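Fold and contact review
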Amino acid sequence: MDYRKIAEEIYEKVGKKENLISAAHCATRLRLVIADNGKCDSKAVEEIDGVKGVFFASGQLQIILGTGTVNKVYDEFLQVSGLSAATKAEVKQAAAARQNVFKRGIKTLGDIFVPIIPAIVASGFLMGIMEALNFMVNNGFLALDTSGSIFVFAKLFSNVAYTFLPILIAYSAAKAFGGNPYLGAVIGMLMIHPDLQNAWTVATQGVLVKQSVWFGLYEIDLIGYQGHVIPVIIAVWVMCFIEKRLHKIVPEMFDLFVTPLVSVFATGYLTYSIIGPVFVLIENSIISGIQFLIALPLGVGSFVMGALYAPTVVAGVHHMYTIIDVGQLAQFGVTYWLPLASAANLGQGAATLAVALKAKNAKTKSMALPSAFSAFMGITEPAIFGVNLRYFKPFICGCAGGACGALFASIAKLGASGTGVTGIFGILLCLNMPVQYILMMVISVGVAFALTWVIWKEESAEGGNPGNAAVQKAGSASGAAAQAAAVSQGAQDAAEAEEKVLYAPVKGNVIAREQIPDETFASGLLGDGVGIEPEIGEVVAPCNGTISAVTDTKHAIGITGTDGAELLIHVGVDTVKMNGDGFELLVKQGDSVTMGQKLLRFDIKKIQAAGYSTTTAVLIANSDQYPNRKVVKTGSINVKEKMITLE
């Protein structure tokens, strides 16, 4: 492969130096920030020999080249373009500056809410379980001592994340805005201080205390911000703005106590007197408007939202929906939005399942079936990007199924006790209305599956078995004797084929490549392989070979086996954003390694706490050279256990 030529062609097609801002690379992708997307011919870039895919994401032009190739092309690209090497953090910052305000806002919401989703999910599940138990006890279906410690404590645990939600949001927002997260947590505490009237009591007690502000200019209600989201985010943004500027102007010897004191006091006063009252009004208006749309007669609004939900996933703006869920939980005690999202996800899964069952092409089946099950669990990216959008008609049918399911959910007034989980397991958040949830699932899945089955037609089927074709050819030439000779030759060829073995590099649960929760890995764009859900944070070499690539963020390693197999081991999904935190590389590029040698350590809990999947992709970049590859072990696996064979 001529890496210089690839770099020169990319340089030409993206608009040369005047259109380039910065460049970096990860384990598989060349990441460019360009000044004007209109001057970049992305289709022409995709046609360059060696380029496996091109897409714009997070303000970056990401060119997929694969492990072992991307670093060589990157080195040549720097020479051709004259750019200086940049870290991924610098590219990320430059890319964010190029995005419009809306996209930056959506990305920020994702950075804030993704890390705290596990806490919200845990409370939501427990709330649903407690509501179901209360219902069964109160109606005589279950004899349970509700005064026992387990029940009483569980009831306390069930709403703790929502009771102190402003603190969780404030801490996460401060990290996203580049401020001190502990000062952010203090702002969250200020907003639910026990001396403020609890917001949950206002509906029954009215406003009990008022306070004049700004030297008697006007009065504000001294009410806490339990259940609110937008005012907390704005308040923390203001605090971070003040804090970062004070760090620049306050002398270092006074900075330790002056900056925190002024930041918290100024932000607290502004929050109580201006930010809180104004943005509570704005937030309530947004939630009321969405609820009005959902509650339109005959479920028309929900029908539209159910149809449009999947396209917003494609656009990457679905992270903003957490605000709607949390806001509705605060106002109504349930969220009516989550069932709509669940209907949409189930619809996409059903459409993919129809493709899997109807397709004759073995590759299509192998991709679609696990992607469908993944979507039924609430992870739709493999189904949407790997199957439905590729054939398009299944995507539209999935949207139709989601619309119909959402329509029923609206008419049935189906609400969830929490957020963060959709699909089949979403029923655990709807245990107060399980029958309605099941009917919603049946409608979404049934409509999407039936439409896809009727409308989608496979354009080309996989050819017959080459071995059978050889036997038929031999038979037509020389009859039974020739057939026997062909079969004998085939058996001899198979016996002589050298079996190459890849052993498990990580202990955990082996899943199909299509189930990896990342569309690039799941689609096979970077090669075939598997995913492993790790139990222990340690990676060992799956074969003898040479380390062909490592990332400065330490989360991915490329290995070239002694037999020529080019492997990528990528720990987690989107873990590049952790900038190496929680990862320890034990090898460097160019090192020779033996099977079972330790390559990398990673902190599973830290990755999960940051809101990222720990699923580790183990891919064969040049898998097209091994048409008879086979995954010989799925499910639970130990390191150094036989996992994949190559021929």
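Rules of the game
Here the residue index of a chain counts from 1 through its sequence in written order. Totals for whole chains, interfaces and linings use all residues, but because this is a predicted model, local features are given only for residues with pLDDT of at least 70 and pairs of side-chain atoms are given and counted only at 80 or more. To get the side-chain values, take all heavy atoms of the structure and skip hydrogens and water. In DSSP terms, a helix is any run of H or I states spanning at least four residues, a strand is any run of E spanning at least two, and both are numbered starting from the N terminus. Exposure classes here rest on a 1.4 Å probe applied to the protein chains alone. A residue is buried below 20% of its type maximum, exposed above 50%, and partly exposed in between. We call two residues in contact when some of their heavy atoms are within 4.5 Å. Note on areas: Shrake-Rupley with a 1.4 Å probe; residue coverage comes only from the protein chains shown. Throughout, the protein atoms alone are placed on a 1 Å grid, and a set of points is a cavity if a 1.4 Å probe fits but cannot get out or a pocket if it is open with protein on both sides within 12 Å along at least five of seven lines; lining residues have an atom within 4 Å of a point. Grid points are joined across faces, edges and corners, and a volume is the space filled by probe spheres set on the points. Only Asp, Glu, Lys and Arg are considered charged in this grouping, and only Ala, Val, Leu, Ile, Met, Phe, Trp, Tyr, Cys and Pro are considered nonpolar; every other residue, Gly among them, is considered polar. Strands qualify as paired when DSSP identifies two bridges or more between them. Under the rule applied, a polar contact is a pair of N or O atoms within 3.5 Å (in protein, one hydrogen donor and one hydrogen acceptor; residues adjacent in sequence only if both atoms are side-chain atoms).

For the rest of this paragraph, the subject is the overall build of the chain. Along its length, the chain carries 23 helices and 20 strands. Counting over 647 residues, the chain shows a buried share of 48%. Put simply, 71% of the contacts in the chain that link residues at least 6 apart link residues at least 24 apart. Of the roughly 29,700 Å² of accessible surface on the chain, a fraction of 60% belongs to carbon and sulfur atoms.

Within this structure, the stated rule accounts for 1 cavity of 30 Å³ or more. Taken together, L502, P542, L567, V618, L619, I620 and I644 make up the lining of the largest cavity. At 3 residues, the largest contribution of residues to the lining of the largest cavity is made by strand β17 (residues 616-620). Of the residues contributing to the lining of the largest cavity, the split by class is 7 nonpolar, no polar and no charged.

Spatial strand order, β15-β11-β12-β13-β17-β9-β8-β19: 8 strands in an open sheet with antiparallel pairing. Among the strands making up the open sheet, the edge pair consists of β15 (592-593) and β19 (635-637). Looking at chain direction, strand β8 (residues 508-512) and strand β9 (residues 528-534) are connected through 5 bridges and run antiparallel. Bridging across to β9, N509 finds its partner in E533.

Now for the pairing of strand β20 (residues 642-646). Most of β20 sits out of view: 4 of its 5 residues are buried. Here 4 bridges tie strand β7 (residues 500-503) to β20, and the two strands are oriented antiparallel to one another. Paired with K500 across the strands is L646, a residue of β20. Pairing analysis gives 2 bridges linking strand β18 (residues 630-631) to β20, with the strands arranged antiparallel. For V631, the partnering residue across the bridge sits in β20 and is I644.

The next subject is the side chain of D518. Checked against the element boundaries, D518 lands in the loop between β8 and α22 (519-522). Using a relative accessible area of 9% as the deciding quantity, one classes D518 as buried. A distance of 3.1 Å separates the side chain of D518 from the backbone nitrogen of F521, its partner in a polar contact. Every residue in contact with D518, bar those within four places of it in the chain, is listed here: R29 and V573.

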